[in-house]
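Residue-level structure breakdown
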Amino acid sequence: MADRFPSPFEMPTPPGAEGWQDLYAYSTVFSEDRREYEDSTFWFMDGVHTPEVIPPWDATILEFAIIGLSQYNTRHYVIPPALGVDLRFLNGYMYLSPVGVADPEEIGARVPEFAERAGYYFQNWDRLYAAWMPKVRALIDELESISFSPLPHREDMAVITEGRGTGSALDLLSTYSRLVDLTLKLWHYHFEFLNLGYAAYLDFFGFCKQLFPSIPDQAIAKMVAGIQVDLFQPDDEIKKLAQLAVELDLASRFAGSEPASEVFAGLRGDPQGDKWLAAWEQASQPWFNFSAGSGFYHSDKVWLENPDIPLGFLRTYIAKVQRGETLERPMEAVVAERERIVAEYGELIDSDEDQATFQAKLGLARTVFPYVENHNFYVEHWGHSVIWRKMRDLGRVLVDAEFLADADDVFLLSRHEVPEVLFDYYHGWAVGVPSRGPKYWPKEMTRRNGIMNALRNWSAPPALGTPPEVITEPFTVMLWGVTSDSVKQWLGGAQDDGGLSGFAASPGVAEGPARVILSADGIADLQEGEVLVAPLTAPSWAPVFGKIAATVTDVGGIMSHAAIVCREYGLPAVTGTAFGTKTIKTGQRVRVDGNTGSVTIVDS
Amino acid sequence: MAQILWFENFQPEDTPVLGGKNASLGTLTGAGLPVPPGFAVSADCYRKALADNGLTGQIDALMAGVDPRDTGSVAAAGSRARELIGALGMSAALAETIGAAYARLCSQCGDEALPVAVRSSATCEDQPDASFAGEHDTYLWVRGADAVADGVLRCWASLFTDRGIAYRLERGYGQHGAAMSVGVQQMVRPRAAGVAFTLNPLDGDRSQIAIDASWGFGEAVVSGEVTPDNFLVDKVMGTIGRRTISAKTLEYRLTDSDTVTAVEVEASRVSVPCLTDDEIAAVARLARRAEKHYRCPQDVEWAIDSVSGEVLLLQSRPETVWSRRPRPQGGTGIADPITSMVQTMLNPTKPLPQEDHHG
């Protein structure tokens, strides 16, 4: 077994992708100037958020996300053993490297600062968290208010009569700049509570493991899990709409496989149909700002703009209602079960001191957990949906100006190029001469699309560089599921017997035919009773969890989206298997043991 | 003097004449646990038999003469005592009483030649609850009133096995007050049986139930003649966190001659799990019920009836290894959240499922 991963400098550029580096910020690619540092560092591919190649503008959000995480660790809360997470793009894929604090003295010196700063947030958590929601809602409102439109043939007369003294192109440039700033701000908000939330949760987690060394991970998660989680609300809305469709006697209108546009057109004008459509409209804001992917790609399909996705789930639910099955999650039973678990483990603790500590840590974990569970909807789903939508509007402006053939080509520009492009457009408009863009960009976009396709076919190694002896950085373990064991597994390749192991992310054992799904587009193929095998799952796939038997993912830890949703749906899940989608073939019978984290191919 | 005490009518004050094992079966029956029905022949019967035959003083004298440091002396006195008791026979009256109780058990279970286990349940006047696990004899698959009476007599004699004498000496229990009650209990033919600890014996984790299981009668597991399958079940979640399937090459099985014998397991079953997941869950639930009843970690014996599929409780006694040690403590659990978080970050617990190093 090798003791290190390939050097990033050994990685060849895939044929046809030459020049890919120029599409990403100069500071985010591996380079000879920093080779010594980069070669001696451990980098893992972030398959949790970005399993696929990252278009240049999409890299913006990733850079903002990682810098947000980093600054809170390093500069805001002064997490004693952890600085930020370094980031590089290699052949269009994102590699991350958590940075620890090596010097024990420096760690010690950071402790009192952490105590003061994090302590303040923990002590005032409810008040500060209560302020978070309006803050993020206001930010999203501001994002929503952004509008991009082509530069006018003439400035409006009002610009003259009001003596404004500025023109539309300045607005265009500053609006783009505002969109970028708001995106960065959104990611500041994202990490305002998250690192602390994880720290408190991990503390409770660690204490439970001390008391009960063999306690299943999911038992700990269940003790703190919230009951009403915003992340499940979109799915709940679809269930309500399914119920309503049956109540209004509209079920037959959904029976076929017509696209949403036709189904909705058929409902319009009919009193019952209008009533249902009004309910759909109401539910869609904000809940259908829900991405079918991780939310980190502009190409991730958002329900609001792709109503065929929620419609598919709606049809499944309508069929269930008609069969007399109940859709509602049994809240009282869920609450009772959570309390039973807490009480029974509690009874097994002998000393009063441990009992008190257990209760205190549980209390804090429960205080912080709603944020951990809920932020994802507001940032990755709602916020990102709006950002992608606004960028597409800007793309349309550039299509109108004949710079681009397709609005989505705007995502092939890096965020730093966009102001330059807009300035070219501005220049032509102001001077009254042709801009260079229409001659330059269509050809360049053909080249860039070629690069993206070449990068898409590259098989990104799970890690690069020299792994540390042990992986201890809490967020790396918690969020990305990267542990000393997974590193060992990556180095050694998949198990010889074709078996896989990963995190026991959701309890239970199930067996069924596998269905390997590589992107959200494939989820419609899933059949009742199949085992979903995917690089990762998105919470928006929730409705398919009603019919599958179990889930296996390549990436993700016990707090990954797949883990949370599967626990909610009571399905066995094994996450972070690294090789699930490569080892398992659709149609093979697999046994998923969510109690031990093992996946076995029963027969081929 | 009560000669026969039925488990279903157990009263705690009967404990001194029942011995630890029979008292425990009575207690568990009373708690509604699925214990096979049966009765105990009171230790008073043993005392009376010795007294009626003038053996009490003789045996006391034999025991008083034992030199605890000399195994030869223990063996000689034990052998003589067993000989004396074995030779005394059983009074017709007591044999009839035991026969009547056996007949009642037979009719209760609907089998006129009901197979029963005849088990020793030693008692000490000064230690009424003492458990003498494995120190004395047990007879399996005994049928018919005469055979049962004979088993009772042999159990009496086994009060003076060398290890029984040595055990009492070691514990400082008086030899004089020692007496033998005998349990007679319906026996089922188990498809699998074994033991369960209501904690993880490897680390004392009280949230876990460790089950050792093998084919056939539980004796193979209890005696250690077979490496059993091992399962670790979480008490609260019911999840099976670890399963180790062993090569179970031997089982105690009922042979054609109607006796329980150790035989080789056919190849096709050797490495097959002897319990289904549902059965594992049922065994764990049973062990948990016993623990809840006694309010302390238990070491239970169980068997699965091959006919009804029911999981039966054969024995439950306090777990002694971890219960005597200081508890594994949260210990480092620091109440102050910030200090504790810093410690957690500096010494992260590996948040991973435990690897199975036993398979």
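Residue positions are given per chain, counting from 1 as you read along its sequence in written order. By the order in which they are written, chains take letters starting at A while ligands take numbers starting at 1. Residue-level local features of this predicted model are given only where pLDDT is at least 70; pairs of side-chain atoms are given and counted only at 80 or more, and the full residue set underlies all totals for whole chains, interfaces and linings.

**Description of the domain arrangement of chain A**
Residues and elements named next belong to chain A.
- Considered domain by domain, chain A is made up of domain 1 (1–212 + 348–492), domain 2 (230–331) and domain 3 (497–603).
- These domain boundaries are the output of an automatic or database domain assignment. Here the C-alpha centre of domain 3 lies 25 Å away from the C-alpha centre of domain 2.
- For every residue pair, C-beta atoms are placed from the backbone, and the pair is scored as a contact if these atoms sit within 7 Å. Contact with domain 2, which involves 15 residues of that partner, is made by eleven residues of domain 3.
- A class-by-class count of the residues in the side of domain 2 that touches domain 3 yields eight nonpolar, five polar and two charged. Residue classes follow a fixed rule: Ala, Val, Leu, Ile, Met, Phe, Trp, Tyr, Cys and Pro count as nonpolar, while Asp, Glu, Lys and Arg count as charged, and any other residue, Gly among them, counts as polar.

**Things to note about the interface of chain A and chain B**
- With 49 residues of chain A in contact, the opposing surface of chain B contributes 36 residues.
- Strands here are runs of E lasting at least two residues and helices are runs of H or I lasting at least four, both read from the DSSP assignment and numbered beginning at the N terminus. Elements supplying a minimum of two residues to the side of chain A that touches chain B: helix H3 (104–123), helix H6 (168–211), helix H7 (217–224), helix H12 (331–347), helix H13 (352–400) and helix H16 (474–480) of chain A.
- At ten residues, H6 of chain A tops the list of elements feeding residues into the side of chain A that touches chain B.
- Here the side of chain A that touches chain B is built from residues that sort into 31 nonpolar, eleven polar and seven charged.

**Describing the confidence of the model for chain A**
- The share of residues in chain A with pLDDT of 70 or more is 95%, and the mean pLDDT across the chain is 90.
- By definition, pLDDT measures how confident the predictor is in each residue, and it falls between 0 and 100. Of all the helices and strands in chain A, H16 of chain A carries the lowest mean pLDDT, 69, while helix H14 (residues 417–431) of chain A carries the highest, 98.

**Structural notes on the sheet that holds strand S1 (residues 4–6) of chain B**
Residue and element names in this part refer to chain B.
- Only strands that DSSP links by at least two bridges are regarded as paired with each other. Taken in spatial order, the five strands of this open sheet run S1-S2-S5-S3-S4, and their pairing is antiparallel. Each having just a single partner strand, S1 and strand S4 (138–142) make up the two edges of the open sheet. Here the average twist between neighbouring strands, direction ignored, is 25°.
- Both strand S3 (residues 116–123) and strand S5 (residues 179–186) contribute to a ladder of eight bridges, which runs antiparallel. The residue bridging alanine 117 from the neighbouring strand is glutamine 185, located in S5.
- To obtain an axis, a line is fitted to C-alpha atoms, over the contacting stretch when the element is a helix, and the angle between two such axes runs from 0 to 180 degrees between their N-to-C directions. Strands strand S2 (38–41), S3 and S5 of the sheet are contacted by helix H2 (residues 43–52), whose axis makes an angle of about 130° with S5.

**Concerning the sheet that holds strand S8 (residues 229–234) of chain B**
Residues and elements named next belong to chain B.
- Here six strands make up an open sheet; going across it, the order is S9-S8-S7-S6-S12-S13 and the pairing antiparallel. In the strand order of this sheet, the two ends are held by strand S9 (240–244) and strand S13 (311–318), each with one partner. Going from strand to strand, the sheet's axes swing by 15° on average, the running direction of each strand aside.
- Of the strand pairs in this sheet, strand S6 (residues 190–197) and strand S7 (residues 208–215) are connected by six bridges, and their pairing is antiparallel. Each residue of the ladder has a partner; that of valine 195, found in S7, is aspartate 212.

**Examining the domain arrangement of chain B**
Residue and element names in this part refer to chain B.
- Once the domains are mapped, chain B shows domain 1 (4–186) and domain 2 (190–324).
- Centre-to-centre, using C-alpha coordinates, domain 1 lies 26 Å away from domain 2.
- Mapped onto the side of domain 1 that touches domain 2, the elements with two or more residues apiece are helix H1 (15–30) and S4.
- At three residues, the largest contribution of residues to the side of domain 1 that touches domain 2 is made by H1.
- When the residues that make up the side of domain 1 that touches domain 2 are grouped by side-chain class, the tally is nine nonpolar, two polar and one charged.

**Structural notes on the environment of serine 506 of chain A**
All names here are of chain A.
- Residue placement: serine 506 occurs in strand S6 (residues 503–506).
- Remark: the alpha-carbon pair of serine 506 and glycine 570, spanning 64 residues in sequence, is separated by 7.3 Å.
- If we ignore the near neighbours within four places in the chain, the residues touching serine 506 are Gln218, Ala563, Cys566, Arg567, Leu571, Pro572, Ala573 and Gly594.

**A short note on helix H5 (residues 92–109) of chain B**
Residues and elements named next belong to chain B.
- Residue count minus one, scaled by 1.5 Å, sets the expected span of a helix. For H5, which comprises 18 residues, the first-to-last C-alpha distance of 25 Å matches the rise-based estimate of 26 Å (1.5 Å per residue) to within 8%.
- Buried-residue contacts for H5 involve S1, S2, H2, helix H6 (145–157) and S5.
- Of the residues trailing H5, glycine 110 is marked for its positive phi of about 70°.

**A look at the pairing of strand S2 (residues 82–90) of chain A**
All names here are of chain A.
- In terms of strand pairing, S2 meets strand S3 (residues 93–100) through seven bridges, oriented antiparallel. Looking at S3, one finds that alanine 82 is bridged to glycine 100.
- Linking S2 back to S3 in an antiparallel pair, the connection comprises two residues, with asparagine 91 at a positive phi of about 50°.

**Digging into the pairing of strand S7 (residues 509–516) of chain A**
All names here are of chain A.
- Across five bridges, the pairing between S7 and strand S11 (residues 589–593) is antiparallel. Within S11, the position partnered with glutamate 511 by the bridge is arginine 591.
- The pairing of S7 with strand S8 (residues 531–534) spans three bridges and is parallel. In the sheet register, alanine 514 faces S8, and the bridge partner there is valine 531.

**Looking at the confidence of the model for chain B**
Residues and elements named next belong to chain B.
- The pLDDT averaged across chain B works out to 87; a share of 90% of its residues lies at or above 70.
- Per-element mean pLDDT across chain B ranges from 67 in helix H11 (residues 321–324) up to 97 in S2.
- Residue range residues 349–359 is modelled with pLDDT below 50. Its contacts to residues more than four positions away, or to other chains, number 20 contacts.

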